Amino acid sequence: MNTNSPRGTSAADASGERHWANASAPELVEYILARYHAVHRELLPELIRLARKVEQVHADSADCPHGLADHLSGMAQGLESHMRKEEDVLFPMLASGQGALAGAPITVMRMEHDEHEAALRRLAGMTDDLRPPPVACATWRALYAGLQTFRRDLLAHIQTENEILFQRFAPAAVN
């Protein structure tokens, strides 16, 4: 499945990447739901499972990321709450043309994005910026590789919402 091309067509660059700034609000919402919300929900439980395993097996190692599974669980809960608000309230408003009423919800979402970015910074601090130590086993390396993917996706998710979707409806509330 090409996650860069939900229903409809619009301009793309030579690599085939869609120019989301030119997409309609319903297309952009559909893309965000499929590319980011669904992916976060799929990836985070596995990352939490791997973190618990690493913490259990390597508890005696000075390099062990103690508390990582709990931190990821908190991130997952906060992200789920955030995405649910977008899915139940904000995105339906934007997709149905009621964006003029969305200023306050967008401000809240942007503040929560700041919280997600702070949680990512804490994650980096707990994991030596996602660099596995020389003693890391295959599970530990897989965990950090998955966390790198998650971090990259979450930052792209936040950027897509803040700089493209939200900017259309609440430009004065620039993050």
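Criteria and cut-off values
- Residue positions are given per chain, counting from 1 as you read along its sequence in written order.
- Only residues with pLDDT of at least 70 get local features here, since the model is predicted, and only at 80 or more are side-chain atom pairs given and counted; chain-wide, interface and lining totals rely on the full set of residues.
- Calculation of side-chain values draws on the structure's entire complement of heavy atoms; hydrogens and water are dropped beforehand.
- Strands are runs of DSSP state E lasting at least 2 residues, helices are runs of H or I lasting at least 4, and numbering of each runs from the N terminus.
- Only protein chains enter the accessibility calculation, which uses a 1.4 Å probe. A residue is then buried if its area is under 20% of the maximum for its type, exposed if over 50%, and partly exposed in between.
- Contacts are assigned to residue pairs that have any heavy atoms within 4.5 Å of one another.
- The accessible surface values rely on the Shrake-Rupley method and a 1.4 Å probe; as for residues, cover is taken only from the protein chains in view.
- The criterion is simple. A nonpolar core is a set of buried Ala, Val, Leu, Ile, Met, Phe, Trp, Tyr and Cys residues joined through side-chain atoms within 4.5 Å.
- Salt bridge, as used here, is a side-chain nitrogen of Lys or Arg placed within 4 Å of a carboxyl oxygen of Asp or Glu.

**A word on the overall build of the protein chain**
Right, so step 1: Scanning the protein chain from N- to C-terminus turns up 4 helices and 0 strands.
Right, so step 2: Element order for the protein chain, N to C, with α for helix and β for strand: α-α-α-α.
Right, so step 3: Scored against the burial criterion, the 175 residues of the protein chain give a buried share of 42%.
Right, so step 4: A separation of at least 24 residues holds for 68% of the contacts in the protein chain among residues at least 6 apart in sequence.
Right, so step 5: Here the protein chain has roughly 8,900 Å² of accessible surface; of this, 55% comes from carbon and sulfur atoms.

**What to know about the nonpolar core**
Right, so step 1: By size, the foremost hydrophobic cluster in this structure holds 25 residues, and its most contacted members are Leu 68, Leu 72, Leu 143, Leu 147 and Phe 150.
Right, so step 2: At the level of elements, α1 (25–57), α2 (68–95), α3 (103–126) and α4 (138–169) are the ones that each hand at least two residues to this core.
Right, so step 3: With 7 residues, the single largest contributor to this core is α4.
Right, so step 4: In contact with Leu 72, other than residues within four places in its own chain, are Leu 47, Ile 48, Ala 51, Leu 123 and Leu 147.

**A closer look at the pattern of salt bridges**
Right, so step 1: Evaluation of the coordinates by the stated rule reveals 10 salt bridges.
Right, so step 2: As a salt-bridge pair, Asp 153 and Arg 35 come within 2.7 Å of each other at their nearest N and O atoms. Of the two residues, Asp 153 sits in helix α4 while Arg 35 sits in helix α1, which places them 118 residues apart along the sequence. When sorted by exposure, Asp 153 lands in the same class as Arg 35, which is buried.
Right, so step 3: Between Glu 112 and Lys 85 there is a salt bridge whose closest N-O contact spans 2.4 Å. Of the two residues, Glu 112 is situated in helix α3 and Lys 85 in helix α2; the sequence distance between them amounts to 27 residues.
Right, so step 4: With a relative accessible area of 34%, Lys 85 lands in the partly exposed category.
Right, so step 5: Overlapping salt bridges bring together Arg 41, Glu 80, Arg 84 and Glu 87 as one network.

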